Amino acid sequence: MSDTDIESVEDFRLRARTWLAENFPRAEGADAFLRRGASEEEELAEIDRARGLQRKLFDGGFAGVCFPREYGGLGLTPDHQRALNEECVGYALPRILQVPTFVPCAAVLLEFGTEEQKQHHIPAILKGEEIWMQFLSEPSGGSDVAGALTTAVRDGDEWVVNGSKIWTTGAWFSDYGLCLLRTNWDVPKHRGLSVFIIKIHQPGIELHRIEMINGSREFCQEFITDLRVPDSDRVGDVDQGWTVGTRWMFHEKNAMGGGSPYVTGALGGNRNRQGAADPMVELAQATGHFDDPRVRDLVGESYMLRAAGSALSERIAAGMRAGVFPDNSAAIARLVNAVVQQRNVTIALDLAGSNAAATLADDPWAEQGFNFLERQTSGIGGGTTEMARNNISERVLGMPREMTHDKNIPFRDVPKGPSGN
Ligand SMILES: Cc1cc2nc3c(=O)[nH]c(=O)nc-3n(C[C@H](O)[C@H](O)[C@H](O)COP(=O)(O)OP(=O)(O)OC[C@H]3O[C@@H](n4cnc5c(N)ncnc54)[C@H](O)[C@@H]3O)c2cc1C
């Protein structure tokens, strides 16, 4: 199909606006999943609701805007996706399904999956039938993704997997994991990895939920023992997992930076539909200090940061699509998004003042306090901001690469910490 055969962005936008108004529920506060103190039953009900809403989007013809038609998508452009995102503001979107299921997982499958894998999984993902998670980090470390120790050993048409993954957000309610594994210890680190699709709930995977200091139990650790994975679930070539991994990291950063065309709804981009109430203005009004000059300063700063962050994300995404910026520029949007998010959380805390000390989970003010306590996470999940800085200096600006000691030696000879071998 040529570009001239597809629906114009404005027609698509108007159709989406009408369809959403007639068919989609408006958002009412935070999802149960994101509400502190929600019970497991409430969280599971929220996941089911998200699956149902995704199905609704699919049946209405608004799911998978940039996914090819042969896999159930709409085969449209990032401009169509952006128009849909703008129209979606204020609706109860199935946000929990967007990252990492659609991106990076489905995006990686699109690039590297076999035809059978794509036919099997992508339509199911677009219908909300499959939720995917990323199995990357290990107890030995997460920044050095290529240092994975969890190992797959070939046995005929299967692989036998042993090891442990950790910090897998939401694995307990998910169906599949995209998993980076070591398949060769006799070559340098980056050359002995492969990527597999792993069904999460099956014998051979013992899943533990990790309780954090704020009571959240969204993170999981998986202990994998003699798990048998069919070779047909391998994504990409044997020992070429870093080729897949590089694109995986790109899609992840692109999503964290708000520039991915595979995400429905604003994630990180801080896009507000024109005329929509500004959340900081609403917060300032609620404090009763609306006229305070210092409050005005903070609200103005927050707006400027969000507007600049959003514009930068869109500029970077457009530049990468046009080939003007290298794909590693996704790290710029990822970094600025985390910096903006962290500063905004601090501004919200300043505006809320002592109200934010409320500790009851259902107190509307408590959100500012809890968000502040968790503010570092936006600079860690999806790769840390320190790693994004490295990426920008080395791979965008061409500065000298960080010194490594493990580049040209077999991985089995690389000295490892206590949790390595
Ligand atoms: C909200 C959230 C969601 C997450 N979801 C997932 C998930 O679904 N799946 C998954 O696999 N993981 C997930 N993670 C884990 C995350 O990817 C890791 O925490 C992250 O990559 C850092 O790894 P680490 O915690 O092992 O820290 P380390 O890698 O041990 O790093 C420790 C510190 O050292 C710094 N550092 C390390 N190496 C360098 C370097 N070369 N140069 C400069 N600084 C460096 C890091 O920036 C960090 O500050 C999630 C984390 C968070 C917070």
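Residues numbered from 1 in each chain as written. Predicted model: local features only at pLDDT ≥ 70, side-chain atom pairs only at ≥ 80, totals over all residues. Heavy atoms only, no water.

Quick word on the overall build of the chain
Convention followed: Helix and strand labels come from DSSP, where a helix needs a run of H or I of at least four residues and a strand needs a run of E of at least two; each type is numbered from the N terminus. A radius of gyration in this sense is built from C-alpha atoms; the matching globule rule multiplies 2.2 Å by the number of residues raised to 0.38. Remark: exposure states derive from per-residue accessible area (1.4 Å probe, protein chains only) relative to the maximum for the residue type, with buried under 20%, exposed over 50%, and partly exposed in between. Per-residue and other accessible areas were derived by the Shrake-Rupley procedure at a 1.4 Å probe size, with only the shown protein chains allowed to occlude residues. We score Asp and Glu as negative and Lys and Arg as positive, and we do not count His or the chain ends. In this description, the location of a charge corresponds to atom NZ of lysine, CZ of arginine, CG of aspartate or CD of glutamate.
Assigned secondary structure in the chain consists of 11 helices and eight strands. Whereas a compact globule of 421 residues would reach a radius of gyration of roughly 22 Å, the chain reaches 22 Å, a difference of no more than 12%. Dimensions of the chain, computed from C-alpha atoms along their principal axes, come out at roughly 70 × 50 × 50 Å. Among the 421 residues that make up the chain, the fraction classed as buried is 48%. In the structure as shown, the chain presents an accessible area of about 20,000 Å², 52% of it carried by carbon and sulfur atoms. Of the side-chain charges in the chain, 43 are positive and 59 negative, and the distance between the mean point of each set is 4 Å.

Some words on the site of the ligand
Heads up, the condition is: Distances are taken per atom, and a residue is near a molecule or strand as soon as one of its heavy atoms is within 4 Å of it. Think of a polar contact as two N or O atoms within 3.5 Å of one another; within protein, one of them needs to be a possible hydrogen donor and the other a possible acceptor, and neighboring residues in sequence only count if both atoms come from side chains. Domain extents, as shown, originate in an automatic or database domain assignment.
What surrounds the ligand is a group of 19 residues, the closest being Ser137, Gly142, Ser143, Trp167 and Thr169. Residue Ser137 places a main-chain N or O atom 2.7 Å away from an oxygen atom belonging to the ligand. Notes on the ligand: free accessible area 980 Å², of which the protein chains cover 66%. Among the elements of the structure, strand E3 (158–169) and helix H11 (385–396) are those that each provide at least two residues to the shell around the ligand. In terms of residue count, E3 provides more of the shell around the ligand than any other element does, four residues in total. Both domain 2 (134–241) and domain 3 (246–396) contribute no fewer than three residues apiece to the shell around the ligand.

Considering the packing of aromatic side chains
Put simply, the test is: Only centres within 6.5 Å qualify two rings of Phe, Tyr or Trp (six-membered ring in Trp) as a pair; their planes then separate them into stacked at under 30 degrees, edge-to-face at over 60, and tilted for everything else. As a reminder, the over-ring test applies to NZ of lysine and CZ of arginine, requiring each to be within 6 Å of the ring centre and within 35 degrees of the ring normal.
Per the counting criterion, the structure on display carries 10 aromatic pairs. Their ring planes at 55 degrees and their centres at 4.8 Å tell us that Phe67 and Tyr262 sit as a pair that is tilted. Pair noted here: Phe67 is in the loop between helix H2 (40–59) and helix H3 (78–88) and Tyr262 is in the loop between helix H6 (241–256) and helix H7 (279–287), with a separation of 195 residues, a long-range link. In this pair, the class of Phe67 matches that of Tyr262, namely buried. Both rings, one in Trp172 and one in Phe173, keep their centres 5.3 Å apart while their planes meet at 85 degrees; by these two values the pair is edge-to-face. By the burial criterion, Trp172 is buried, and Phe173 matches it. The rings of Phe12, Trp19, Phe24 and Phe62 are connected pair by pair, giving a single aromatic cluster. One cation-aromatic arrangement involves Arg182 over Phe411; the distance from NZ or CZ to the ring centre is 3.6 Å.

A look at the domain arrangement of the chain
Using the following cut-off: Computed with a 1.4 Å rolling probe, the buried area is the accessible surface lost when two parts are put together, summed over both parts. Following the grouping adopted for this structure description, the nonpolar residues are Ala, Val, Leu, Ile, Met, Phe, Trp, Tyr, Cys and Pro, the charged ones are Asp, Glu, Lys and Arg, and the polar ones are all others, Gly among them.
Entries for the chain in the domain assignment read domain 1 (11–97 + 117–129), domain 2 (134–241) and domain 3 (246–396). Using C-alpha coordinates to define each centre, domain 2 is positioned 30 Å away from domain 3. Carbon and sulfur atoms make up 65% of the area that domain 2 and domain 3 hide from each other, which totals about 650 Å². Interface area lost by domain 2 to domain 3 is led by Gln134, Ser143 and Asn214, which between them contribute 56%. At the junction of domain 2 with domain 3, the criterion picks out two residue pairs in polar contact (both at pLDDT 80 or more). If one sorts the elements of the side of domain 2 that touches domain 3 by residue count, strand E4 (residues 176–182) sits on top with three residues. Of the residues assigned to the side of domain 2 that touches domain 3, the class counts are seven nonpolar, three polar and no charged.

Concerning helix H4 (residues 98–112)
Every α-helix winds through 3.6 residues per turn, so residues three or four apart in the chain are directed the same way. Let me state the cut-off plainly: A helix is expected to span 1.5 Å multiplied by its residue count minus one. Bend is the name given here to the angle between axes fitted to two runs of seven residues, the run ending at a residue and the run starting at it.
End to end, H4 covers 19 Å across 15 residues, agreeing with the expected 21 Å (1.5 Å per residue, within 8%). Roughly 30 degrees is the biggest bend found in H4, and it falls at Ala106. Burial in H4 covers these residues: Gln98, Pro100, Thr101, Phe102, Val103, Pro104, Cys105, Ala106, Ala107, Val108, Leu109 and Leu110.

What to know about the pairing of strand E2 (residues 151–155)
The line we're drawing: Each pair of strands is called paired provided DSSP finds at least two bridges between the two strands.
Note: E2 against E3, five bridges, orientation antiparallel. Bridge pairing in E3 places Ala152 opposite Val161. Linking E2 back to E3 in an antiparallel pair, the connection comprises two residues, with Gly156 at a positive phi of about 65 degrees.

Quick word on the environment of Ile131
Rules: Only heavy atoms enter the contact rule, under which two residues are in contact if any of them lie within 4.5 Å.
Residue placement: Ile131 occurs in the loop between helix H5 (115–126) and strand E1 (132–135). Ile131 sits in the buried class, given a relative accessible area of 0%. Taking C-alpha positions, Ile131 is 24 Å from Ser143, a pair spaced 12 residues apart along the chain. When neighbours within four sequence positions are excluded, Ile131 is seen to be in contact with Ile47, Arg51, Leu97, Thr101, Phe173, Ser174, Asp175 and Tyr176.

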